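Observations on the model geometry
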Amino acid sequence: MHRLPFARGKSMTETEKRAISELQEATGLVGGAFAVVQGDDVCLECFGFADREAGRPVTEQSIFDIASNSKAFTSMLGAIGTDEGRFDWDAPVRTYFPEFALFDEYAAAHMTGRDLGCHRSGLARHEFMRARVYTSIEDMALRTRFMAFSRGFRENYEYNNHMFIVLGHVLARAMGRPWDALVRERIAGPLDMRMSFRGEPCDPALDWALPYRADGKGGAFRIERPDNPVAGPCGGVRTNLEGMVKWLRCLLGSGAPLCAREAFDELLKTNVPTAEEGNTEIRNGYALGWRTGAYRGRRLVWHGGAIGGFNSNVSFFPEEGAGIAILLNTSGTWGATMLRDVLLDELCGAGQGNIASELAAWRKAAAKGAEPLDRARKGRMPTDAELRVFGGRFFHPAYDDFTVSRRSGDVWLDYGRFLARVRVMPDGSALACEDDPQPDWMELYETENGLAVATSDLAMRLPFLRID
């Protein structure tokens, strides 16, 4: 094992304090916590508020949603299943889940757990449906048969949360227990991690970090906690900093005590190259629930997580026995990525600590993300004739239904947790856009039997049939 040049003390460095202060001032970051594990040394730091309105500070026990860092827990179940001879990353999905179906029958017949776990299925992202579809992981896995592809099977990388939901169901079938029970029994229990899952009630006796969203102007506002249980395998884990340190110890110990080293090492092998994202010091690939690359000449394994109200990062240098975990309770900030870069630079002895360029890039992205709201505000309310086109109830077999109706003196589109005013655009389409600094949106186009619908997460139009 190699030693990194930076040996930190037991308290927050001046570089870290300055970066956090800049993040708080520029983005409205409410609170967070981070850990640095370096050999036998562990440093835990907390800052800001778990509940700003009550003045309750973040602690090592404060529970955060870790969003897409949940994927690594799902892939760890795959390593455990491999160890026990219950699961094979290269066996067809239908070996465990015979009902699995896709538009492309060849892809459905040949899709493997490895394809699901490294984002090379070819399926488009299809995120928006989870604003409305609150059923079960199994039901969500079955809905793939109605979802359009955006790329060819194994053509290249396209990040896809939905296929991790399918992977969670495949592992549940292979190992004979529901996904959440497996994570509790096979990971959280042995590691003694405090853990909960999206969709479960929040025990009022626990120290919960409340969710906030950056307003793009240096402040942040409270939002509802994400609660769709079907997102579990791709983004549903909730835990605290103490738990993440135990998870880091497991990762730096090559999977012990959860699985054999050979099974763990398979999780870190790059399966598909990816485009550069953010810090150009990192050259990216995707393994199984982990991003892979090199950072300042050292092999780096990492993943980020972002969901409404929360932002996280886990990064580690396998050969150096060092890693970091970051938990923030403010979304839309890029804060976890910026703080990651500061901590990694310190570990590598680079001593940069300057996040000004990343803050400038964030401001530019935030301005671009607000453009749909600017468009919507320039639109007009539908006329009665236009409401005969866009009004009513519309259905897609994967997405279920949404309604457009006039009430309370306005026209609204209602799709589960997504509720937005409808405005007609100059090209004749209708745009439903959240009144939010980083809004989700749906844009509607007339078709013969209903509407073609574009969403904020998908670069294609989906056919919805009129049913009412």
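Bear in mind the structure is a predicted one, so any value in this text is a computation, not a measurement.

Brief notes about the overall build of the chain
A tally of helices and strands in the chain yields 14 helices and 23 strands. For the chain, whose C-alpha radius of gyration is 22 Å, the value lies close to the compact-globule estimate of 23 Å for 468 residues. In terms of principal-axis extent, the alpha carbons of the chain reach across some 70 × 50 × 45 Å. Per-residue burial over the chain gives 59% buried out of 468 residues. Relative to all contacts within the chain whose residues are 6 or more apart in sequence, the contacts with residues 24 or more apart total 64%. Accessible area for the chain stands at about 18500 Å²; split by element, carbon and sulfur atoms hold 49% of it. Charge separation in the chain, taken as the distance between the mean sites of 56 positive and 64 negative side-chain charges, equals 1 Å.

Topic: the sheet that holds strand β4 (residues 64-65)
Sheet architecture is open: three strands sit in the order β4-β8-β5, paired in antiparallel fashion. Both outer strands of the open sheet, β4 and β5 (195-197), are each paired with one neighbouring strand and no more. With three bridges joining them, β5 and strand β8 (residues 237-239) adopt antiparallel strand pairing. The residue bridging Ser196 from the neighbouring strand is Arg238, located in β8.

Some thoughts on the packing of aromatic side chains
Taken as a whole and assessed by the stated rule, the structure comprises 15 aromatic pairs. Counting every residue linked through ring pairs, the aromatic cluster contains Phe394, Tyr399, Phe402 and Phe464. Above the ring of Trp302, the side-chain terminus of Arg340 is found at 4.7 Å from the ring centroid. Across from the ring centre of Tyr445, 3.5 Å away, lies the NZ or CZ of Arg461, which sits over that ring.

Re the sheet that holds strand β13 (residues 310-317)
Strand order in this open sheet of nine strands is β3-β2-β1-β14-β13-β12-β11-β10-β9, and the pairing throughout is antiparallel. Across the chains shown, the open sheet's two edge strands, defined by having one partner strand only, are β3 (56-57) and β9 (272-273). Judged from the two bridges that link them, strand β2 (residues 41-51) and β3 form a sheet pairing that is antiparallel. The residue bridging Asp51 from the neighbouring strand is Arg56, located in β3.

Considerations on the pairing of strand β12 (residues 298-307)
Side-chain direction in a regular strand flips from residue to residue, so the side chains alternate between the two faces of the sheet. Sheet analysis places strand β11 (residues 291-295) next to β12, joined by five bridges and oriented antiparallel. Counterpart to Arg291 in the pairing with β12 is Trp302. In sequence, β11 turns back onto β12 through a hairpin of two residues, with Arg296 there showing a positive phi of about 50°. By the bridge criterion, seven bridges tie β12 to β13 in an arrangement that is antiparallel. Note that in β13 the partner of Gly304 across the bridge is Asn313. Between the end of β12 and the start of β13, which pair antiparallel, lie two residues, with Gly309 showing a positive phi angle near 95°.

Concerning helix α11 (residues 335-347)
A rise of 1.5 Å per residue sets the reference length of α11, with its 13 residues, at 18 Å; its end C-alpha atoms lie 18 Å apart and thus fit the reference within 8%. Counting buried residues in α11 gives 12 out of 13 residues, a clear majority hidden from the surface. Turning to α11, its buried residues number three or more, namely Gly335, Ala336, Met338, Leu339, Arg340, Asp341, Val342, Leu343, Leu344, Asp345, Glu346 and Leu347. Positive phi shows up at Gly349, right after α11, with a value of about 75°.

Considering the pattern of salt bridges
As enumerated under the stated definition, the model contains 41 salt bridges in all. In this structure, Arg238 and Asp65 form a salt bridge, with 3.1 Å as the shortest nitrogen-oxygen distance. Residue Arg238 is found in strand β8, and its partner Asp65 is found in strand β4; the two are separated by 173 residues along the sequence. Looking at Asp65, the relative accessible area reads 1%, which means it is buried. A salt bridge links Asp341 to Arg340; the shortest N-O distance between them is 2.8 Å. Of the two residues, Asp341 and Arg340, both sit in the buried class.

Quick look at the side chain of Asn161
By the secondary structure assignment, Asn161 is in helix α6 (residues 161-175). Reaching out from Asn161, the side chain makes a polar contact with the side chain of Glu127 at a distance of 2.7 Å. In contact with Asn161, not counting residues within four places along its chain, are Ser68, Lys71, Arg125, Glu127, Arg130 and Cys234.

Describing the nonpolar core
Core analysis: the largest hydrophobic core is formed by 111 residues, its most contacted members being Met76, Trp247, Phe402, Leu413 and Tyr415. Those residues within four positions of Trp247 in sequence are excluded, and the remaining contacts are Ala72, Phe73, Met76, Ile187, Leu191, Met193, Leu258 and Trp290. Listed in part, the 31 residues of the second largest apolar core include Tyr295, Ala336, Leu344 and Leu347.

A short note on the pairing of strand β14 (residues 322-328)
Among the seven residues of β14, seven are classified as buried, and the element is accordingly described as predominantly covered. Side-chain alternation along β14 places Ala322, Ile324, Ile326 and Leu328 on one buried face and Gly323, Ala325 and Leu327 on a second face that is also buried. Sheet topology note: the strand β1 (residues 31-38)/β14 ladder contains seven bridges and is antiparallel. Pairing of Gly32 across the sheet is with Leu328, part of β14. Two elements, β13 and β14, share seven bridges in a ladder whose sense is antiparallel. Of the residues in β14, the one forming a bridge with Ser312 is Leu327.

Remarks on a nonpolar patch on the surface
Taken together, the side chains of Phe395, Leu465 and Ile467 define a hydrophobic patch exposed on the protein surface, amounting to about 250 Å² of accessible area. Locating Phe395 in the fold gives a position in strand β16 (residues 392-396). On the basis of relative accessibility, which here comes to 32%, the residue Phe395 falls in the partly exposed class.

Reading the values: the criteria
Each chain has its residues counted from 1, running along the sequence as written. Owing to the predicted nature of the model, reporting of local features is limited to residues with pLDDT of at least 70; listing and counting of side-chain atom pairs is limited to 80 or more, with chain, interface and lining totals taken over all residues. Side-chain numbers here rest on the full set of heavy atoms in the structure, without hydrogens or water. The helix count covers DSSP runs of H or I at least four residues long, the strand count covers runs of E at least two residues long, and both are numbered beginning at the N terminus. What the globule rule says is 2.2 Å times the number of residues to the power 0.38, and the radius of gyration is computed from C-alpha atoms. Exposure classes here rest on a 1.4 Å probe applied to the protein chains alone. A residue is buried below 20% of its type maximum, exposed above 50%, and partly exposed in between. Two residues form a contact once any of their heavy atoms are found within 4.5 Å. Per-residue and other accessible areas were derived by the Shrake-Rupley procedure at a 1.4 Å probe size, with only the shown protein chains allowed to occlude residues. Counted as positive: Lys and Arg. Counted as negative: Asp and Glu, with His and the chain ends omitted from the count. Lysine's charge is taken at NZ, arginine's at CZ, aspartate's at CG and glutamate's at CD. If DSSP finds at least two bridges between two strands, the strands pair. Centre distance within 6.5 Å is the pairing criterion for rings of Phe, Tyr and Trp, where only the six-membered ring of Trp is used; planes under 30 degrees apart are then read as stacked, over 60 as edge-to-face, and the remainder as tilted. Here, a charge over a ring means that NZ of Lys or CZ of Arg falls within 6 Å of the ring centre while also lying within 35 degrees of the ring normal. By definition here, a helix of n residues has an expected span of 1.5 Å times n minus one. Note on definitions: salt bridges are taken to be side-chain nitrogens of Lys or Arg within 4 Å of carboxyl oxygens of Asp or Glu. Definition of a polar contact: a pair of N or O atoms within 3.5 Å, with one able to donate and the other able to accept a hydrogen when the atoms are protein atoms, and with sequence-neighbouring residues admitted only if both atoms are side-chain atoms. Side-chain atoms within 4.5 Å are what join buried Ala, Val, Leu, Ile, Met, Phe, Trp, Tyr and Cys residues into a set we call a nonpolar core. To count toward a patch, a residue needs a relative accessible area over 30% and no salt bridge; like charges are then connected within 9 Å, while nonpolar side chains (Val, Leu, Ile, Met, Phe, Trp, Tyr) are connected within 5 Å.

Taken by themselves, the reported measurements are silent on function.
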